[in-house]
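As a plain string of letters, each chain reads:
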Amino acid sequence: MNLRKIVIAIDGYSACGKSTTAKEVAAILGFRYIDTGAMYRAVTLYFIDHHVALTNPKEVNRALQQINISFKVTKNNTSETFLNGLNVEKDIRKMRVSENVSQVSTLKEVRVAMVEQQRRMGKEKGVVMDGRDIGTVVFPQAELKLFMTADMLVRAFRRQRELLDRNQLVDLDDVMDNILQRDKIDTTRTESPLRKADDAIVIDTTHISIDEQVDEVIRLALSHMMVIR
Ligand code: DC
């Protein structure tokens, strides 16, 4: 029996545990983890810092040509995001980026550029990619598609704790407002809105631990990876 490399697409709302699960699953399977939200966040950071006018497609395109996003596995064995050679992993998680990222992600020019890069990154398979449009747009042929959800309050608590771990104390109400706002923009935008792919498996993480989420995804992944000879 051999194990083949597959593409695992994990989509879902903000703060449902997608990236935590994706990261661990990738480590266990020896796959590459690609956090596509981090790519949209890096673009947003660049746009904020360079005062790019979102309403001007020419300016947006010009800015996109100046942007190079990459991931590097750092000393502590985590994949971190680099923008034009600079480690921006911490900066892209700050509220000023979170408050603008969904708006930036509605832009067609931005999506075209990111999707192209994501397809290139996943070409060789053996990847776990999380985002909003992976199973529907980036890799509609992915062998395993998951759609993660969780109760609003649980999501807000988890995100608040995550921010606290990074020394950012944010009011629960503000965290919740930001999640609600992003859900709304992500699901109603014209360009590849967040939706469950018809063949995606739903995982509700409200009442399950990270370990249980990971176990479930590994079980599903192995069933797609096994090739009987
Ligand atoms: O996964 P995240 O919360 O870090 O994503 C940040 C934002 O990026 C999210 O609100 C919407 C956008 N995004 C997207 O439009 N498409 C993706 N594939 C991933 C993220």
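This text goes with the structure placed above it.
Treat the numbers as computed from the prediction; the structure is a model and nothing was measured. (Residues numbered from 1 in each chain as written. Predicted model: local features only at pLDDT ≥ 70, side-chain atom pairs only at ≥ 80, totals over all residues. Heavy atoms only, no water.)

A. Broad picture of the packing of aromatic side chains. Summed over all chains, the structure comprises one aromatic pair. The interplanar angle of 80° and the centroid separation of 5.8 Å between the aromatic rings of Tyr 13 and Phe 147 together place this pair among those described as edge-to-face. Highlighted residues: Tyr 13 in the loop between strand E2 (7–12) and helix H1 (18–29) and Phe 147 in strand E8 (residues 144–149), separated in sequence by 134 residues. Among the residues examined, Tyr 13 registers a relative accessible area of 26% and is labelled partly exposed. Sitting above the plane of the Phe 82 ring, Lys 72 keeps its charged end 4.3 Å from the centroid. (Phe/Tyr/Trp six-rings, centres within 6.5 Å; stacked < 30°, edge-to-face > 60°. Helix = DSSP H or I, 4+ residues; strand = E, 2+ residues; numbered from the N terminus. Buried < 20%, exposed > 50% of the residue type's maximum accessible area, 1.4 Å probe, protein only. Lys NZ or Arg CZ within 6 Å of the ring centre and 35° of its normal.)

B. Just the pairing of E2, in detail. Buried residues dominate E2, accounting for six of its six residues. Going residue by residue along E2, you find Val 7, Ala 9 and Asp 11 tucked away on one face and Ile 8, Ile 10 and Gly 12 tucked away on the opposite face as well. Pairing analysis gives five bridges linking E2 to E8, with the strands arranged parallel. Following the sheet pairing, Ile 10 is matched in E8 by Leu 146. (Pairing = 2+ DSSP bridges.)

C. Structural context of the site of the ligand. If you check the shell around the ligand, you find 15 residues, and the closest are Arg 41, Arg 111, Asp 133, Arg 182 and Arg 189. Measuring from a nitrogen atom of the ligand, one finds a side-chain N or O atom of Asp 133 at 2.8 Å. A distance of 3.0 Å is found between an oxygen atom of the ligand and a side-chain nitrogen or oxygen belonging to Asp 186. For the ligand, whose unbound accessible area comes to 450 Å², protein coverage reaches 96%. For the shell around the ligand, the elements supplying multiple residues, two or more each, are helix H2 (36–49), helix H4 (95–104) and helix H8 (172–188). Sort the elements by how many residues they give to the shell around the ligand and H2 lands first, with four residues. For the shell around the ligand, the per-class residue count stands at three nonpolar, five polar and seven charged. (Near = heavy atom within 4 Å. Polar contact = N/O pair within 3.5 Å; in protein donor to acceptor, adjacent residues only side chain to side chain. Areas by Shrake-Rupley, 256 points an atom, 1.4 Å probe, with all protein chains shown as cover. Nonpolar A, V, L, I, M, F, W, Y, C, P; charged D, E, K, R; others polar.)

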